[in-house]
Amino acid sequence: MRYVLVLVLLACLAAAPAEASGRIRYVALGDSSAAGPLIPDQIDATCLRSNRNWPHVLAGRLGATLTDVTCSGATTADLSGRQAGIVAPQFDALRRDTDLVTLAIAANDIVLSSAFVTCASPDGPVVPSCRDQYTTGGVDQFQARIAATAPKVAAALAEIHRRSPAARVVVVGYLTYWQPGGCYPADPYTAADANYIQATFDRLMVMLVGQAARTKASYVDIRNPSARHGLCAAPATRWLEGAVPASPAYPYHPNAAGMAAAAAIIAAAGVAR
């Protein structure tokens, strides 16, 4: 009997620090906007994940225990399936005792990156315009893709709630790329094309706001607070990098300053409450 009591006491002592710490159990899901490709230090070569991305900075601010499975190129399908056949489903990180989940997703579902390739005008304005390239039969293809992605986002959020029923679920949008008019030719997108791509991002975020509300998740807007820190800002105040990055980051993705700023905005939204 004495031996059994000793074992029970040791087990309780071993469990006590984790229980007493009260640390938030935080899982970060999403795509490259959260993963931080090429920002040093890269801690996952397959997903191009940085230890200075906003999930890591946010976890530090919250004193949280982080499981970061964000992965560059991820779509909603990769939340429940194996990305490229090798990356485990992001949902595998969710537990019933998870306290906080952030989700940054959907730009890859609508293949928005294609516009950054086909609409660039480094040697003079591209014809047809970006809008015309993505309009077929009078239908904006990105708008159609956003509408098709909405139920996928809703289903993903419902599954997060199912797997982690006690967690606060937070959808995070995307940073601002351009203010109206852009800054052509310093950035290789004409005013019309920059406006079109940014408007597509904005429509995507309106959809995310709606799906978050439908599924009783929170939404944090990082688009408006970053309005003066887009691609046309001076390098010292820029939160994203363009075609030729001035600081380590994948082109047309957040840099370390943007990640730190996004984490501060998300933390200020009270996601830990």
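Everything numeric here is computed off the predicted structure, so don't read it as measured data.

(A) Focus on the state of the cysteines. Enumeration according to the criterion identifies 3 disulfides in this entry. The disulfide bridge from C47 ends at C71, spanning 2.0 Å between sulfur atoms. Disulfide C47-C71: torsion about the S-S bond near -85 degrees, hence left-handed. A residue pair is termed long-range when its members are at least 10 positions apart, and C47 in the loop between β2 (42-44) and β3 (49-50) and C71 in the loop between β4 (65-68) and α4 (77-80) qualify at 24 residues. Residue C47 shares its accessibility class with C71, and that shared class is buried. Among the cysteines of the protein that take part in disulfides, numbered as they appear in the sequence, the pairing is 1-2, 3-4, 5-6.

(B) Structural view of the nonpolar core. Residues Y26, L29, W54, I160, W178, Y189 and I197 are the most contacted members of the largest nonpolar core, which totals 75 residues. Of all the secondary-structure elements, those providing two or more residues to this core are β1 (25-30), α3 (54-62), β5 (100-104), α5 (113-118), α7 (141-163), β8 (168-172), α8 (191-214) and α9 (256-268). Per element, the largest residue contribution to this core is 9 residues, and it comes from α8. Apart from the residues within four sequence positions on either side, L29 is in contact with V69, T70, L79, Q90, F91, L94, V101, T102, L103, A104 and I160.

(C) Structural view of the pattern of salt bridges. This structure, assessed with the given rule, holds 9 salt bridges. Residue D97 pairs with R25 through a salt bridge whose shortest N-O separation is 3.4 Å. With D97 in the loop between α4 and β5 and R25 in strand β1, this pair connects stretches of sequence that are 72 residues apart. A salt bridge links D140 to R203; the nearest nitrogen and oxygen atoms lie 3.7 Å apart. With D140 in strand β7 (residues 139-140) and R203 in helix α8, this residue pair connects regions lying 63 residues apart in the sequence. On the basis of relative accessible area, D140 is assigned to the buried category, the value being 9%. By relative accessible area, which is 26% here, R203 ends up partly exposed. A network of salt bridges, in which partner residues are shared, links R25, D97 and D99.

Rules behind the numbers
- Residues numbered from 1 in each chain as written.
- Predicted model: local features only at pLDDT ≥ 70, side-chain atom pairs only at ≥ 80, totals over all residues.
- Heavy atoms only, no water.
- Disulfide = S-S within 2.5 Å.
- Helix = DSSP H or I, 4+ residues; strand = E, 2+ residues; numbered from the N terminus.
- Buried < 20%, exposed > 50% of the residue type's maximum accessible area, 1.4 Å probe, protein only.
- Core = buried A, V, L, I, M, F, W, Y, C linked by side-chain atoms within 4.5 Å.
- Contact = heavy atoms within 4.5 Å.
- Salt bridge = Lys/Arg side-chain N within 4 Å of Asp/Glu carboxyl O.

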